[in-house]
Amino acid sequence: MSTASTETAGGRRIAVVTGGAGTIGGAIASRLMADHTVVVLDRTGDVPVDLGDPADVRRAAQLVPDRYGRCDVLVHSAAMVAFGPFEDFELDMWRQVQAVNVESALLLTQAFAPGMRERGFGRVVFIVSNTFWRPPGAHMLAYVASKGALIGMTHALAVGLGGDGIAVTAVAPGLTRTRATGVVPAEEFEEVAARQALSRPLTPDDTAAVVAMLVGEGAGALTGQVLTVDGGLVMR
């Protein structure tokens with residue numbers, strides 16, 4: 001990883017990717033490396049962090065400008081998935097899901113937005129899920145609710161930060177083969193793909209490609225939108 005001064009001189013933007021050690025987050029980090037200096041925030045990332053611990057998130061957020069000079073792009077891909085019967089779902093687990101999926105996104109955006117504002121440029125992208133529109137059931141309530149919160153944040157922050165040149169968007173993947181979806185039976189992947197307008201398996205790079213488009217110059221007029229990357233299963 002190059003030093004902040006080298007990257008500033010070279011004109012490369014700094015992109016922070018949470019969950020970059022995961023499947024979709026890793027694909028996003030790899031795709032952005034072509035024209036960004038990528039900083040992965042994860043338990044085993046460039047900046048190790050426990051995204052469920054607010055104090056640790058704030059510490060990690062401060063390390064980014066200290067080490068790399070700034071953050072131009074924030075992609076929040078990290079997500080905690082917790083399944084369980086609705087009647088027995090513990091409040092502590094609910095809060096942990098929201099801490100990782102929602103609160104860390106808030107804390108990091110709060111930390112990086114002032115620098116983006118000063119430079120008149122910023123991109124914030126939240127990875128959400130098409131389950132917000134097609135929930136699989138109450139057993140995934142905490143996860144679906146967290147993605148709905150991020151969609152609400154996308155809309156509110158797009159309005160609140162747009163005047164400072166900061167675009168805020170979200171990408172909603174469909175059912176994609178990852179470590180987290182390893183518990184999903186193969187036949188369910190096949191059934192979902194068959195219902196898609198484009199009936200093929202979804203890959204992590206499908207999401208990564210859209211994120212790369214959103215953080216680039218070509219998406220300069222795009223903000224406040226949620227792009228659903230699920231082969232046409234959900235059409236809005």
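Structural data are supplied above this passage.
Only a predicted model underlies this, so the values are computations on that prediction, with no experimental measurement involved.

Reading the values: rules and limits
- Residues numbered from 1 in each chain as written.
- Predicted model: local features only at pLDDT ≥ 70, side-chain atom pairs only at ≥ 80, totals over all residues.
- Heavy atoms only, no water.
- Axes fitted to C-alpha atoms, helices over the stretch in contact; angles between N-to-C directions.
- Helix = DSSP H or I, 4+ residues; strand = E, 2+ residues; numbered from the N terminus.
- Parallel < 35°, antiparallel > 145°, perpendicular 65-115°, else oblique.
- Left-handed = near helix turned anticlockwise from the far one by under 90°.
- Contact = heavy atoms within 4.5 Å.
- Nonpolar A, V, L, I, M, F, W, Y, C, P; charged D, E, K, R; others polar.
- Salt bridge = Lys/Arg side-chain N within 4 Å of Asp/Glu carboxyl O.
- Buried < 20%, exposed > 50% of the residue type's maximum accessible area, 1.4 Å probe, protein only.
- Lys, Arg positive; Asp, Glu negative; His and termini not counted.

Time to look at the packing of helix α2 (residues 23-32) against helix α7 (residues 204-215). Each packed pair of helices is defined by two parameters, the angle between the axes and the distance between the axes. It is at 8 Å that the axes of α2 and α7 come closest, and there the two elements cross at 45°. Relative to α7, the element α2 is oriented oblique. Every pair of crossing elements has a handedness; the one defined by α2 and α7 is right-handed. In contact with Thr 23, Ile 24, Ala 27, Ile 28, Arg 31 and Leu 32 of α2, α7 contributes Pro 204, Asp 205, Thr 207, Ala 208, Ala 209, Val 211, Ala 212 and Val 215. Tallied by class, the residues present in the contact of α2 with α7 amount to 10 nonpolar, two polar and two charged.

Let us now look at the pattern of salt bridges. Summed over the entire model, instances satisfying the criterion amount to eight salt bridges. Linking Arg 119 and Asp 72 is a salt bridge whose minimum nitrogen-to-oxygen distance equals 3.3 Å. Of the two residues, Arg 119 is situated in helix α4 (residues 91-119) and Asp 72 in the loop between α3 (54-68) and β4 (73-76); the sequence distance between them amounts to 47 residues. Linked through salt bridges whose partners overlap, the residues forming this network are Arg 70, Asp 72 and Arg 119.

To continue, consider the environment of Val 16. Tracing the sequence through the fold places Val 16 in strand β1 (residues 13-18). Along the sequence, Val 16 and Phe 89 sit 73 residues apart, while their C-alpha atoms lie 32 Å from each other. When near neighbours in sequence (up to four residues on either side) are disregarded, Val 16 contacts Val 39, Leu 41, Val 64, Cys 71, Val 73, Leu 74, Val 75 and Phe 112.

Bringing the side chain of Lys 147 into the picture now. In this fold, Lys 147 is placed in helix α5 (residues 141-161). Buried charge without a salt bridge: Lys 147, with Asp 42 as the nearest opposite-charge side chain at an N-O distance of 13 Å. Apart from residues no more than four positions distant in its own chain, Lys 147 is found in contact with Ala 79, Ile 127, Val 128 and Ser 129.

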